[in-house]
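Coordinate analysis (summary)
Here is what each chain is made of, one letter per residue.
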Number of protein chains: 4
Amino acid sequence: MTATAPPRKLRIAISGLGRMGKRHALTYVGRASRADVVAAFTPEASEAAWASSNLPGVKIYSDYDAMLAHPGLEAVVISTATSVHAEQAIKSINKGLHTMCEKPLSIHIDEAQKVVDAAATRPKSQKILCGFSRRFDASYRDAAQRIDSGSIGRPSVFRSQTCDKLDPSGFFVAYAEFSGGIFVDCSIHDIDLALWFFGPESRVKSVSAVGVCAAQPALRQHQDVDNAVGVVEFWEDRIAYFYASRTMAAGQHDMSEIVGTEGKLIVNGNPQTNLLEISDKTGYRREVPPDYYGRFGEAFATEANEFTAACLDDTPLPFKLTGAVRALQIGAALQESLRSGKKIHFDEVGHRVEKATL
Amino acid sequence: MTATAPPRKLRIAISGLGRMGKRHALTYVGRASRADVVAAFTPEASEAAWASSNLPGVKIYSDYDAMLAHPGLEAVVISTATSVHAEQAIKSINKGLHTMCEKPLSIHIDEAQKVVDAAATRPKSQKILCGFSRRFDASYRDAAQRIDSGSIGRPSVFRSQTCDKLDPSGFFVAYAEFSGGIFVDCSIHDIDLALWFFGPESRVKSVSAVGVCAAQPALRQHQDVDNAVGVVEFWEDRIAYFYASRTMAAGQHDMSEIVGTEGKLIVNGNPQTNLLEISDKTGYRREVPPDYYGRFGEAFATEANEFTAACLDDTPLPFKLTGAVRALQIGAALQESLRSGKKIHFDEVGHRVEKATL
Amino acid sequence: MTATAPPRKLRIAISGLGRMGKRHALTYVGRASRADVVAAFTPEASEAAWASSNLPGVKIYSDYDAMLAHPGLEAVVISTATSVHAEQAIKSINKGLHTMCEKPLSIHIDEAQKVVDAAATRPKSQKILCGFSRRFDASYRDAAQRIDSGSIGRPSVFRSQTCDKLDPSGFFVAYAEFSGGIFVDCSIHDIDLALWFFGPESRVKSVSAVGVCAAQPALRQHQDVDNAVGVVEFWEDRIAYFYASRTMAAGQHDMSEIVGTEGKLIVNGNPQTNLLEISDKTGYRREVPPDYYGRFGEAFATEANEFTAACLDDTPLPFKLTGAVRALQIGAALQESLRSGKKIHFDEVGHRVEKATL
Amino acid sequence: MTATAPPRKLRIAISGLGRMGKRHALTYVGRASRADVVAAFTPEASEAAWASSNLPGVKIYSDYDAMLAHPGLEAVVISTATSVHAEQAIKSINKGLHTMCEKPLSIHIDEAQKVVDAAATRPKSQKILCGFSRRFDASYRDAAQRIDSGSIGRPSVFRSQTCDKLDPSGFFVAYAEFSGGIFVDCSIHDIDLALWFFGPESRVKSVSAVGVCAAQPALRQHQDVDNAVGVVEFWEDRIAYFYASRTMAAGQHDMSEIVGTEGKLIVNGNPQTNLLEISDKTGYRREVPPDYYGRFGEAFATEANEFTAACLDDTPLPFKLTGAVRALQIGAALQESLRSGKKIHFDEVGHRVEKATL
């Protein structure tokens, strides 16, 4: 009839309460039992009002620095606009706070590198995470484990796609101005997966990309497209190829296929909202999630819980921050190739070379 | 820069820390943010030891009545052995506590009815729930919603199965002594689903059942089987048929199919552990969960959260307690038919009749 | 630069050119290269006209006996109305012709038995086949081979369904007058499969059946239903259960599941017209065949070729004629149980017993 | 009681009785009822011996020209080694015979063009077909029809793969010496499909390709690979991307996906041998065909029947011969890009340009 002391909780703040920020806030409040959301930052009155109703007990700041000074704060989740990710992350890191920053750290490689540099100066017990949500997805983890155990032999070819439902509202057109382009915004996840499954030290030999505006010609004004294919060749005799789209009719379809010399793994080859199948005059069908949150909602909860646990228990995070810059470099190169129409070549130590001169 | 008051939490206790009790405890501790597990009951020293390590801050009682007297306790989750479900539930109900009792309330119809009777004397604001976990499963809810909206016309035929992985340890043989039989233990879920989709007032016209011991002949000593088929005919021109098995090779396969006059819904027709597909020399395959918790873990979390919310906010529970007795009645009739080999008939007002005399 | 003699062809006649007869005729003409369709019988002028256009070189008779006397005729395919199957088959058999008779031989057990009796008097080199088309289906054969090789252990539970698309024209209502009922007409295939997978000598212990008119109440005038579930218990500790329907929204869905002690085989669990999947606003879907011919067209071609080969080469047919009567007996018992509402019991040597007296 | 005259049959010869030739011969003999195989050519004694046993009544020639002179011959199927396709086809065409030539017409573009040129001089009633078997596949035809009817909007992105099972015998290494490379040998089918779905007049803007030797390093001696990815950009704002592999563990997996602005079509996304699913300790799985004939056997039969009908009835063939040269041009450009590592650009009228100078 005795009881141990109740467990300590991580005092955490959410920066940004837009679409993604709201999701992070609700996940940490409702599904991360070891975390205590104590503060949040938003400059938007409407978002602050939302917080009053939906985040009881959470102090809302309209100033990021003030939020960082919240008494007893231990950790910050950054889900503001991409343009301030790096700046906010560096401030939080330098203040000694555990920091989870949404991807990408920045759309500029040098700025992203500054976050990594800031993190490098800190002790290991301060946890810094870039939010590649697929790393926390049960199916991708299952795949990774099987690859590690050698069950498909040597992984040689990786295909991966991030495909959004067509949004006729024009959202993606406006978004393209700041997104860094379809490869930096969407395929960055697929690139990160390639580095996961092929190894973080894989060296790029060439990248090339093509794209079209199939349904949203207005994207051309931002030199972007709504459907793109990119190919990355690695010096280790491996190939990754990516498809990104903003024009799916049914809904989100993010999937990956890893081909090894002795087998193949497919993650989400047949997308689904849940386990229901419907038969009617049109045949037998499954519906699919309307967006990436419908596909990866569980992964976000796992991310929240594992980040919290790592902060509280000083356990290692599942992957390193440095990969976020590597993924960005590859994404930016693909985007450049898309725009120039040229293939880009790299030598074995990572320097860019002109193929004509090889 | 203001914050609302932090939300109140439901003070809840877990009775029983066996296989299922541990799961309930961890779910309420880790995934039900509005609940505060303050106490638990177990007579087993090993389970108490487990609680010390895994349930920090929870007071462990070796006496059920003492646990009920825990200061400030508001709600109880009963997941002890089936034989004490009813007794514990009635005590908790009579003490004015919100009560969630694992299924079945009892394997004896009259005892189960006593729980319902006790609940009937209490105010609506005291929440009493029988834990039919599938009622909280997203896929089943999706199906129910489509049925309600008329998208498959009138539901006429319902097929549902609860199929466990073969457990060569002999667990199910020992368990059969107290389980009430395969229809009461397994098919009770499927029966409850039939009452959900056909309507709780559906009147049984006949039941019949057959079964075999395919892999575990020792079950015969408890007049039970490891594979059984049961058919329930309703006066409303509807049929439900059930398959229950303890001998699946791959893992858990619980599924349902609802045939309407204009379409058909299938829940979990193609079982899966996650979204990974594996291709190797044997073909293309998906693995399946090893047990029902692998299939319904999410549903248990939803159950915990919804029960908590109903208690705190005085909102209605998604289904009535009375159905638990009806499902038990049908399950017991199927089990009797299995044992006697005879079909059992009922008249339109529910009285049992001999077909020969009709 | 030599050539062997061209191969001899089987001179065959088609009796009946209705829906099924036309299919047999076209299959033998177009897809059975060792058969030469030389004659056909139909009493219908419209069918004879169809034959003139579609069966060039085939002599059309309006008298069955005259057709049997066609010079050089070696084999007959009987696909007339069920009511004359037995009579025509017996005539053909007695005339020494190879005979392929569509299922069922008759809806009357004694009449069907007469066909078997007639066949029993003939030499083995005269081939007599009852057209259970699923026996020639590649997927069912694959399943059978795996069962024979022991890959699923001992088969214990068999589920099988024959489900037709809803035909609002009233065809099935008119048809029910002569069909023998849904179990004799539809489930006979599933029963035959049970005898295939469980062994032709399996002894029935009990049968019971229930049914409803979900969409076609007019079937009641013929004591028939449009949705039925039947259960057959075997003395060898095996269960077969069947579902038959005339009300599918999407199309034909005939499927089977064989549960063994070490594995399970599923034939056509996910029906499909072909290998095309369609993704649009409604999700991801596959269409299904409109009728059984869309599902089993290939099997009919295999049947035609194997029957032809057996006749020409005196090779054994893949299954015995006697099973056709056994399947009919079980189908008729299910139909009786459906009508009476009573379960029917048999002792270990096949005699019917009253359960009350056991 | 009259009969029309028996139908006339097409007198056809098979040139080449290797792996593919045998298949064509058996298909025409057994599954093309309007064709009469009267002759065959093979220089190999073992193949001639096979023909004696398996092609009764067919005259076997060891000299191609002699076979062409077979009395009454009307049509030829060419399935010899690729290196003599063009020469044999031209001879047959010039002799006025209907000609079906296996793909590719040649691995040399100019030689392939000569076949097209020869065909261009002949009357329309002389049928000349290049054997792109997928054009005759029911699933691809279903897809094509849906595209034509506008059901997926404008097709914008096409993904297609030809993936062979790993053959550890070294067959593909030896074969690579004469195959023209993986894009010319395998992807030519996928390229032909792209031209089908995007339109035969689609103009290539760029091609690029990468490849690796994942399991068969010996392929490098022929400048070939066992896994390759190629991307083709069209001036009409369309992209086709291809994957070809010789290293699948499970078996053949040829599939395609056509993304339109309003939907998506997938052909063979989930490969299968037949409709059987197997559940055992490893999960739920389907096996896949060991080779392309297991996938496309039916298509070859359709091809045989449609070619025969076109010859006999002077009906149009389903696609033009000229596309065979276009597909070869694209395949050869991809193969060149694979070897050089360079992207290849074309202007709007089809001339090759250096991107640097654009």
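Scroll up to find the structure.
Residues numbered from 1 in each chain as written. Chains lettered and ligands numbered in written order. Predicted model: local features only at pLDDT ≥ 70, side-chain atom pairs only at ≥ 80, totals over all residues. Heavy atoms only, no water.

Let's shift gears to the packing of aromatic side chains. The relative placement of two aromatic rings is captured by the distance of their centres and the angle of their planes. Taken as a whole, this structure holds 58 aromatic pairs over all chains when the rule is applied. Here the aromatic rings of A:Tyr241 and D:Tyr241 are separated by 6.0 Å at their centres, their planes lie at 80°, and the arrangement is edge-to-face. Taken together, the residues span two chains, with A:Tyr241 in strand E10 (residues 238–248) and D:Tyr241 in strand E10 (residues 238–248). Take D:Tyr241: its relative accessible area is 1%, and that puts it in the buried class. Arranged with centres 5.3 Å apart and planes meeting at 15°, the rings of D:Phe171 and D:Tyr175 form a pair that is stacked. Taken together, the residues span about one helical turn, with D:Phe171 and D:Tyr175 both in helix H7 (residues 171–179) at a distance of four residues. On the basis of relative accessibility, which here comes to 32%, the residue D:Phe171 falls in the partly exposed class. (Phe/Tyr/Trp six-rings, centres within 6.5 Å; stacked < 30°, edge-to-face > 60°. Helix = DSSP H or I, 4+ residues; strand = E, 2+ residues; numbered from the N terminus. Buried < 20%, exposed > 50% of the residue type's maximum accessible area, 1.4 Å probe, protein only.)

We now examine the relation of the copies chain D and chain C. Superposing chain D onto chain C requires a rotation of 180° together with a translation of 0.1 Å along the rotation axis, leaving an RMSD of 0.1 Å. Read as a symmetry element, the transformation amounts to a two-fold axis. Of the interface residues in chain D, 100% have counterparts in chain C that sit at the interface too, so the contact is made through matching surfaces. (Least-squares fit on C-alpha atoms with pLDDT ≥ 70 in both. Contact = heavy atoms within 4.5 Å.)

What follows covers the interface of chain D and chain C. Contacts between the two partners involve 46 residues from chain D and, on the opposite side, 46 residues from chain C. For the pairing of chain D and chain C, the buried interface totals around 3700 Å² over both sides, and the portion due to carbon and sulfur atoms is 49%. If you look at where chain D meets chain C, you find two salt bridges. In terms of residue class, the side of chain D that touches chain C is built from 20 nonpolar, 13 polar and 13 charged. Looking at chain direction, strand E13 (residues 276–280) of chain C and strand E12 (residues 263–267) of chain D are connected through four bridges and run antiparallel. Bridge pairing in E12(D) links C:Ile278 to D:Leu265. (Buried area = accessible area lost by both parts, 1.4 Å probe. Salt bridge = Lys/Arg side-chain N within 4 Å of Asp/Glu carboxyl O. Nonpolar A, V, L, I, M, F, W, Y, C, P; charged D, E, K, R; others polar. Pairing = 2+ DSSP bridges.)

Another aspect to go through is the environment of B:Lys95. Residue and element names in this part refer to chain B. Tracing the backbone shows Lys 95 in the loop between helix H4 (82–94) and strand E5 (98–102). Taking the C-alpha atoms as reference points, Lys 95 and Val 76, 19 residues apart in sequence, are found 11 Å from one another. Discounting chain neighbours no more than four positions away, the residues touching Lys 95 are Leu 68 and Ala 69.

This brings us to the interface of chain A and chain B. With 46 residues of chain A in contact, the opposing surface of chain B contributes 46 residues. Summed over both sides, the interface of chain A with chain B buries roughly 3800 Å², with 50% coming from carbon and sulfur. Where chain A meets chain B, there are two salt bridges. Between A:Glu287 and B:Arg146 there is a salt bridge; the shortest N-O distance is 2.9 Å. One can count 18 residue pairs in polar contact (both at pLDDT 80 or more) joining chain A with chain B. Put simply, the parts of the chain that give the side of chain A that touches chain B at least two residues each are helix H1 (19–31), strand E3 (59–61), helix H6 (138–148), strand E12 (264–267), strand E13 (276–280), strand E14 (283–286) and helix H9 (292–313) of chain A. By residue class, the composition of the side of chain A that touches chain B is 20 nonpolar, 13 polar and 13 charged. Here E12(A) runs beside strand E13 (residues 276–280) of chain B; their pairing, made up of four bridges, is antiparallel. Note that in E13(B) the partner of A:Lys264 across the bridge is B:Ser279. (Polar contact = N/O pair within 3.5 Å; in protein donor to acceptor, adjacent residues only side chain to side chain.)

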